[in-house]
Amino acid sequence: QSTSPLQIVSAEGLDAGAIALLTQYLQSVTLPAGVSGETVWELSVQNGRVTQVAIDSQASTVQATDAIETLKRALTSWQPPAGLKGTVRLKLQINQ
């Protein structure tokens, strides 16, 4: 049982079930080595799909663009629970 370097600090707009699914999904994401800090994301969700992902660069401390791109791709391809829609504000902590 290895702990993921990615932890969800907060997830406005997601219920406990969706947070559990996203936590599990993020454990499969491989980040570039040596990256740590916080990233804050806004996800637009419609019909059980993530339609848009944007990083809040003012609120994020991670500067590594490769890590940010990796996370953006991962969040874009995440499948939220059916019926979830609206805006999700996600704060992720990276500890490596």
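Note: the structure precedes this text.
Owing to the predicted nature of the structure, the values given are computational and were not obtained by experimental measurement.

### Describing the overall build of the protein
(1) Moving on: Per the secondary structure count, the protein includes two helices and four strands.
(2) Moving on: When its helices and strands are written in sequence order, the protein yields β-α-β-β-α-β.
(3) Moving on: At 12 Å, the protein has a C-alpha radius of gyration in line with the 12 Å of a compact globule built from 96 residues.
(4) Moving on: Once the C-alpha set of the protein is aligned to its principal axes, its extents read approximately 35 × 35 × 20 Å.
(5) Moving on: A buried classification covers 35% of the 96 residues belonging to the protein.
(6) Moving on: Long-range pairs, those at least 24 residues apart, make up 75% of the contacts in the protein with a sequence separation of at least 6.
(7) Moving on: Just so you have it, the protein exposes about 5600 Å², and 46% of that area is on carbon and sulfur atoms.
(8) Moving on: Each charge sign in the protein was given a centre, from 6 positive and 7 negative side chains, and these centres are 7 Å apart.

### Considerations on the nonpolar core
(1) Moving on: Leu-6, Leu-14, Trp-41, Leu-43, Leu-75 and Leu-90 are the most contacted members of the largest nonpolar core, which has 26 residues in total.
(2) Moving on: At the level of elements, strand S1 (6-12), helix H1 (16-26), strand S2 (37-46), strand S3 (49-55), helix H2 (65-77) and strand S4 (86-94) are the ones that each hand at least two residues to this core.
(3) Moving on: Ranked by residue count, the leading element in this core is H2, at five residues.
(4) Moving on: When sequence neighbours within four positions are dropped, the list of residues in contact with Leu-90 reads Ile-8, Ser-10, Ala-11, Leu-14, Leu-22, Thr-39, Val-40, Trp-41, Leu-43 and Leu-75.

### Description of the sheet that holds S3
(1) Moving on: Pairing is antiparallel in the open sheet, where four strands are placed in the order S1-S4-S2-S3. Looking at the sheet topology across the chains shown, the edges are occupied by S1 and S3. Across the sheet, the mean angle from the axis of one strand to that of its neighbour is 30°, orientation sign disregarded.
(2) Moving on: Pairing of S1 with S4 involves six bridges; the strand directions are antiparallel. Residue pairing across strands places Ile-8 opposite Leu-92, the latter belonging to S4.
(3) Moving on: The strands that H1 touches are S1 and S4; relative to S1, the one it contacts most, it runs at about 150°.

### Digging into the environment of Thr-70
(1) Moving on: For Thr-70, the position within the fold is in helix H2.
(2) Moving on: Judged by its relative accessible area of 17%, Thr-70 is buried.
(3) Moving on: Spatially, the C-alpha atoms of Thr-70 and Gln-58 are 19 Å apart, while their sequence positions differ by twelve residues.
(4) Moving on: When neighbours within four sequence positions are excluded, Thr-70 is seen to be in contact with Val-29, Thr-30, Leu-31 and Pro-32.

Calculation rules
- Residues numbered from 1 in each chain as written.
- Predicted model: local features only at pLDDT ≥ 70, side-chain atom pairs only at ≥ 80, totals over all residues.
- Heavy atoms only, no water.
- Helix = DSSP H or I, 4+ residues; strand = E, 2+ residues; numbered from the N terminus.
- Rg over C-alpha atoms; globule rule 2.2 N^0.38 Å.
- Buried < 20%, exposed > 50% of the residue type's maximum accessible area, 1.4 Å probe, protein only.
- Contact = heavy atoms within 4.5 Å.
- Areas by Shrake-Rupley, 256 points an atom, 1.4 Å probe, with all protein chains shown as cover.
- Lys, Arg positive; Asp, Glu negative; His and termini not counted.
- Charge placed at Lys NZ, Arg CZ, Asp CG, Glu CD.
- Core = buried A, V, L, I, M, F, W, Y, C linked by side-chain atoms within 4.5 Å.
- Pairing = 2+ DSSP bridges.
- Axes fitted to C-alpha atoms, helices over the stretch in contact; angles between N-to-C directions.

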